[in-house]
Amino acid sequence: MRGSLNNVCCTKIIQAEFAKYFKLSENGLVVLTRKASEIKKDEYFQSDAIVGTYSFQNNNKVVIFARKLNMDTGRITRMVTREVNYSCSGRSVDGYTVK
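Caption draft 1: Quick peek at the pairing of strand E6 (residues 92-98). Looking at chain direction, strand E5 (residues 76-89) and E6 are connected through six bridges and run antiparallel. Opposite Ser89, over in E6, you have Ser92 as the bridge partner. Connecting E5 to the antiparallel partner E6 that follows it, the hairpin turn spans two residues, and Gly90 within it adopts a positive phi of roughly 65°.

Quick look at the structure:
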């Protein structure tokens, strides 16, 4: 996802570690803070962040969920979900479709 954003948007991508503010459980992604001031740091002066998760399903499917966050307000400005169905042969992916 990082490479695609860089190629399509021609934007410098910075990978920051925010794992301590999120918890991934069997019920999905849980935000442990809604206070933008706790996440907003001087070393990350970008106005937006992309947060993504994925889940492997039992039926050869991966569900990808991404959110675009405004780092000044902490608000979600965009959400996208995609399902990738794939087929494998041994350790190789033969093909895939995206919904």
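Caption draft 2: Spotlight on the packing of aromatic side chains. On inspection of all chains with the given rule, the structure shows one aromatic pair. Between Tyr54 and Phe56, the ring centres sit 5.7 Å apart and the planes meet at 85°, which makes this aromatic pair edge-to-face. Each member of the pair, Tyr54 as well as Phe56, is classed as exposed.

Calculation criteria
- Residues numbered from 1 in each chain as written.
- Predicted model: local features only at pLDDT ≥ 70, side-chain atom pairs only at ≥ 80, totals over all residues.
- Heavy atoms only, no water.
- Pairing = 2+ DSSP bridges.
- Helix = DSSP H or I, 4+ residues; strand = E, 2+ residues; numbered from the N terminus.
- Phe/Tyr/Trp six-rings, centres within 6.5 Å; stacked < 30°, edge-to-face > 60°.
- Buried < 20%, exposed > 50% of the residue type's maximum accessible area, 1.4 Å probe, protein only.

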